[in-house]
Structures are given as C-alpha cells and as structure tokens.
There are 2 protein chains.
Amino acid sequence: MRTIIECVPNISEGQDRKAVDEIAAAVRGAAGVRLLSVSSDPSHNRSVLTFVGDAEGVRRAVLALFAAAAARIDLTRHRGEHPRMGAVDVVPLIPIRGATVQDCVALSREIGAAIGERHGIPVYLYEDSATSELRRNLAEIRKGEFEGFPEKMRNPDWKPDFGPDRPHPTAGVVAVGARAPLIAYNINLGTKDIAVADRIARSIRHIGGGFRYVKAIGVELAERGCVQVSINMTDYKKTPLHRVFECVRSEAERFGVAVVGSEIVGMTPAEALTMAAEHYLRLENFSAEQVLETQLLEE
Amino acid sequence: MRTIIECVPNISEGQDRKAVDEIAAAVRGAAGVRLLSVSSDPSHNRSVLTFVGDAEGVRRAVLALFAAAAARIDLTRHRGEHPRMGAVDVVPLIPIRGATVQDCVALSREIGAAIGERHGIPVYLYEDSATSELRRNLAEIRKGEFEGFPEKMRNPDWKPDFGPDRPHPTAGVVAVGARAPLIAYNINLGTKDIAVADRIARSIRHIGGGFRYVKAIGVELAERGCVQVSINMTDYKKTPLHRVFECVRSEAERFGVAVVGSEIVGMTPAEALTMAAEHYLRLENFSAEQVLETQLLEE
C-alpha cells in the first residue's frame, strides 16, 4: 500500500451484534481496504470501525458501509447515551502515508456527493473539509440530533453540502470530513500536586496561548500517586511530540518537578516517533524509505 | 507478515545481467518472500540480493537461489576484485520482526543441511551460527578462496558443518549464518580535526574498551569541511543508537566540539528509531503494536 488513508466511521448500532457484523463484512468485502478493528459500546449503542486503504478503496468501502448501515439501522427506534444524527453518524478521513489532508478533503467531497446521490442522505462536510467555520465543529453540526433535524434544516444556514434538503427518514444525516491523525499523549509528573499539572496544561494548549495543535488538561492518577498532563495532539506534523515534551519538561522544572515518563494511548503513525528520533539524534537527510518495514508496505 | 527474516545472499556474478536476472527471478518466484533489491557490482563481479519473508519462505527461496546459481555460475571461470569461495558466497539470515537470532540460527542449520544434501555443496555455519570460534569470522572461512579450498579442506579444522568433504567443482563452498541487523550510523562533528574523530571512535568501539556492538573509525569529510565518527552498529537492540549518540556527544564536549548531526546510511529496522523516541520521550509501556504501519504488516 503506497497510499494509506485511515477511515474511522461511527455507526449508530452497538447492541445488535449480527447487524454490526454484517455492516463490518460489507467494509471487509470492499477491494483495496483492510479492516483493522470494530469496537462496539452497548450503552452508547454505537460502534467505531477502523479501516485503511488507498483513496479508491476507502471510497468503495464507505459506500458499501452506507448501503449496509442504511438497510439495518432505523434511527426512529434508536436509543443510546451518545448523541447522534445519522445511521452512519460521522466519517473521518485521515491521511497516514502518501496522502495529504488536502487529498482527504478532495476524497470527502467525492464520497459526500455519492452518498447524497445514491442514498438520499444529506451530507455535511466538517473539520478540514468544512465549507463554513460553523461546520468545522462536529458537535455544532450534531446539535438537535436526529429528532431535531427536520426543524434545523429549515434554516438556510444548515442547507447540506450534498444530498436532499431534509433528513433521510430512518438514516438521518451524516458528517464527512478530513482531519489530521490524532495522537493521545500523556506526560506524567513527579508530584501529587494537581495545580502543577493544570498550570502546565494551560500553558501548552492552544486555547491558553500554547501550541496550535495541542489540547490538554491536568489529571490526577490517584492509584499511581502522581499527576499527568493529558494531551490530544491534533496534528503531530506541525506540533511534534518532542517539542511538547521538552516544553512540559521546562515548565515542570520551574516548579522543581521532574517529568517521570510519558505514554502514547492507542495508535500512532510511525512518523510521529521517527520525528522524535530525528530530532534528538540530529539525523540529517533521513527518509521514511530507509525504514525496512516501510518498504514492505510498498506493493 | 507476522515474522520477518531478512536474507542478503551474495552471489559471484555481477557482469552477466541475464544470469543475475534469472537467479533473482528464482527468488521472486518462491512463495512467502518479497525480493526488495538486487545490486550488482561489475568490478567485484558480485551481486547482493535482499529479500524478506517468514522462515519457511526464506528456506524455500534460498534453495531456489542455489539451484539457479549453481546452474549458471562456474567459479573456475570467475574473475573479480572481491574475494569469493562459492557461486553463492555467503547467506546471512537477519531477524527483523517476530523472530530472534536464535530462530535464525535454527533456520541456518536447516538450510545448511538441505544445501549439503541436495546440491553437494559444503556449508560452513558462521557468525552467530558458528560451531567453533574460528568459524565465526567470514574472512577467516574465506581465506584461500575457491582455488585454495581443495587443499584447505584436507585440514580436519575445516571439515564443513554440512555437505561433502571437498568443494563442489564449479560452485565451491558457502557460508550460512545468523546475525543481528547491522546499521551504518555516522555522527558528524563540528571540527576539521581528524584526531578528535579518531580519538572518539577509539573510545566507543568494542576493541578499544567501548560498546560491545560498535565498530567505529574517524573519517574526514573534506567537501563538507568537518570530520565524522563512522560507525557500524552490529546489534542495535543491545547497543542502541541513542546511547552511542549521547556518548559521542559527551566525549566531543570534552574537546570543546559540538555534534552537528548524524545520519543513517541505507536501511534500518523501525525499532532502532522507536527505541530512540522511547528513550528521549521517556515512553512507558510502549509496544510496537501501537504503530499503525505495524498493524498493516499483520496478515
């Protein structure tokens, strides 16, 4: 796979195992993608599928997903703790290798047009694909949820980017959009003082004057007897792990506190780590093609 | 590919393009391996093939390689600058992922027995597969070259590990063995004084009291106007890049010299870089399975 785009659709079914399996099978059956995981939450009544492929494979798999989900999920009968507006609720497209966010924006428009046309489901482009600032934020789009959309869509502000001007009777509406890969990254501090973690979190996060692609909060790790700066890295290419790590270390030092460790929760693209190695080892002229495993992905 | 073993056989043909292509095709045709590169040196009259696969695939490909090479290479007529003792001269087996050096030692014995039996070629196990200290070093085994082996093998010290007690009339003998992946790693210093690079190289290399898995020399980079510590890392798992980098930095400081950069020449397993990221970011509980690209290799 020369090009790897990750797609992490959220569907509004997390209880009916058979339905989820059949929807997952539709994705698995699409040529050019690999389904990596399916995770269902019964109390949210929601499942998250993770698959990867090139642009053409992802397009094919998303359309297969919609056909399978629209036939099996009826939102008029859906109850769950998580807010939702569609049978397929949201379709994030994430460039991992050999593709840019711009490529994923183009793909989201292509997929959005096809969903509107073939399935009669209104599509809102969100995040980096958004056609207005109001639509960048998923929570803003989803406000009112499935039940509120007939009313919400009378407002011209909420005319969809693709598809009809009213929600699909059972499948609702959907948000499709490109975003950079997100890395959940936590840094542990050698103190029990939550005020230190809070203050550092505020200093590194975008909203408080910190790094543009950092969201952060202070968290107590009671069982471990220390505190943590819990971080969402929303674009590791532009705000790399090592820069945030060094900033936290320097801020902690000012309080006489040591950084005792850090952790990546869940998945990361290899590049986020090789960028750290490049920085600290001062590597010159390094290319991802020098990594043996990378060559194995070239098919 | 859950298990990745790299095999880098050297064959004694680097001029006859057709013969090299046919030998490479035999490797490519073996199930369970991927041929990554073929590099021929006409003045050495020698080619290096690089392929990867699981143990069974590598065994199959090496035997196919021997059948193709023994039929096409006649060492009685071979001339080249590089010393050689066999049509297939040496077969290194290198664990990359999901396999240990011990697994590759077992594989080398299996492959060696099959070569001796099917092709009537004497096999010497070398490096980590060696059955005596004398045989660990490839140069020691190769001494006398193809022409000297009828005489050399009369000495009981040189009874082969597998196969007949005399060389194959046209294909000679071969060395097969397991070794850790080798990384060519250079560190550039902010000085033109070669004495500083020499002194640091001596201090870090195994032979001079330094790291066990480091070979190093000082080198002048005339066109760049600086000097370099040029390093072979012979086992990055036991002597990691970052430890050598920090040691060179500290030794250079003692001479008032800065490390201006480093470089990896050619290929590296991803792990060598993630180990550096783990070290500097103080990552806790990190697993290779968290790297997205790694999941894509699981088939």
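Residues numbered from 1 in each chain as written. Chains lettered and ligands numbered in written order. Predicted model: local features only at pLDDT ≥ 70, side-chain atom pairs only at ≥ 80, totals over all residues.

**Here we look at the overall build of chain A**
Alright, step 1. Across its full length, chain A holds nine helices and eleven strands.
Alright, step 2. In terms of overall size, chain A behaves like a compact globule, its C-alpha atoms giving a radius of gyration of 21 Å where 299 residues would be expected to give roughly 19 Å.
Alright, step 3. Judged by the C-alpha coordinates and their principal axes, chain A covers about 60 × 45 × 35 Å.
Alright, step 4. When the 299 residues of chain A are sorted by exposure, 48% land in the buried category. (Helix = DSSP H or I, 4+ residues; strand = E, 2+ residues; numbered from the N terminus. Rg over C-alpha atoms; globule rule 2.2 N^0.38 Å. Buried ≥ 20, exposed ≤ 12 C-beta atoms within 10 Å, placed from the backbone.)

**Here we look at the relation of the copies chain A and chain B**
Between the two chain copies there is a screw-like relation: a rotation about an axis and a shift along it.
Alright, step 1. Of the transformation superimposing chain A on chain B, the axial component is 0.0 Å and the angular component is 180°, with the fit at an RMSD of 0.1 Å. Here the copies are linked by what is in effect a two-fold axis. Closest approach to the rotation axis within chain A is made by the C-alpha atom of A277 of chain A, at a distance of 2.5 Å.
Alright, step 2. Interface overlap between copies: 100% of the residues of chain A at the interface are likewise at the interface in chain B, consistent with a symmetric, same-surface contact. (Least-squares fit on C-alpha atoms with pLDDT ≥ 70 in both. Contact = placed C-beta atoms within 7 Å.)

**Quick word on the domain arrangement of chain A**
Alright, step 1. Its domain assignment divides chain A into domain 1 (4-178) and domain 2 (183-294).
Alright, step 2. Put simply, the middle of domain 1 of chain A and the middle of domain 2 of chain A, counted by C-alpha atoms, are 31 Å apart. (Domains from an automatic or database assignment.)

**Overview of the nonpolar core**
Alright, step 1. Core analysis: the biggest nonpolar cluster contains 183 residues, and I5, A69 and V174 of chain A together with I5, A69 and V174 of chain B have the highest contact counts within it.
Alright, step 2. Here the element with the most residues in this core is helix α2 (residues 55-72) of chain B; it accounts for nine residues.
Alright, step 3. Setting aside residues up to four positions removed in sequence, I5 of chain B forms contacts with V52, G53, D54, A55, V58, L93, I94, P95, I96, A99, C104 and L107 of chain B. (Core = buried A, V, L, I, M, F, W, Y, C linked by C-beta atoms within 7 Å.)

**So, the interface of chain A and chain B**
Put simply, an interface is often sized by how much accessible area is lost when its parts join up.
Alright, step 1. Chain A puts 36 residues into the contact, and the matching count from chain B is 36 residues.
Alright, step 2. Taken together, the elements giving at least two residues each to the side of chain A that touches chain B come down to β3 (33-41), α7 (241-254), β11 (259-265), α8 (270-280) and α9 (292-296) of chain A.
Alright, step 3. Here the side of chain A that touches chain B gets six residues from one element, more than from any other, and that element is α8 of chain A.
Alright, step 4. Here the side of chain A that touches chain B is composed, by residue class, of 22 nonpolar, nine polar and five charged. (Nonpolar A, V, L, I, M, F, W, Y, C, P; charged D, E, K, R; others polar.)

**So, the environment of E293 of chain A**
Alright, step 1. With respect to the helices and strands, E293 of chain A occurs in helix α9.
Alright, step 2. Apart from residues no more than four positions distant in its own chain, E293 of chain A is found in contact with A270, E293 and L297 of chain B.

**Notes on the sheet that holds strand β8 (residues 183-189) of chain A**
All names here are of chain A.
Alright, step 1. One open sheet accounts for four strands, arranged β9-β10-β8-β11; its pairing is antiparallel. In this open sheet, the two strands that pair with only one neighbour each are β9 (214-221) and β11. Along the sheet, successive strands turn relative to each other by an average axial angle of 20°, direction set aside.
Alright, step 2. The sheet contacts of helix α6 (residues 194-204) involve β8, β9 and β10 (226-233), and relative to β9 the element is tilted by about 175°. (Pairing = 2+ DSSP bridges. Axes fitted to C-alpha atoms, helices over the stretch in contact; angles between N-to-C directions.)

**Comments concerning unusual backbone geometry**
Alright, step 1. Backbone geometry at E145 of chain B places phi at a positive 55°, although glycine is not the residue there.
Alright, step 2. Considering the arrangement of structural elements, one finds E145 of chain B in helix α5 (residues 145-152).

**Quick look at the environment of I194 of chain B**
Residue and element names in this part refer to chain B.
Alright, step 1. Of note, I194 is situated in helix α6 (residues 194-204).
Alright, step 2. In this structure I194 comes out as partly exposed when scored by C-beta crowding, with 14 C-beta atoms within 10 Å.
Alright, step 3. Sequence-distant contacts of I194, that is, excluding residues within four places in its chain, are made with G218, E220 and V227.

**Points about α2 of chain B**
Alright, step 1. Here α2 of chain B spans 26 Å end to end across 18 residues, near enough to the 26 Å set by a 1.5 Å rise per residue.
Alright, step 2. Of the residues making up α2 of chain B, those classed as buried are A55, G57, V58, R59, A61, V62, L65, F66, A68, A69 and A70 of chain B. (Expected span 1.5 Å × (residues − 1).)

**A closer look at the environment of R199 of chain B**
Alright, step 1. Take R199 of chain B: it is sitting in helix α6.
Alright, step 2. With 110 residues separating them along the chain, R199 of chain B and D89 of chain B place their C-alpha atoms 35 Å apart.

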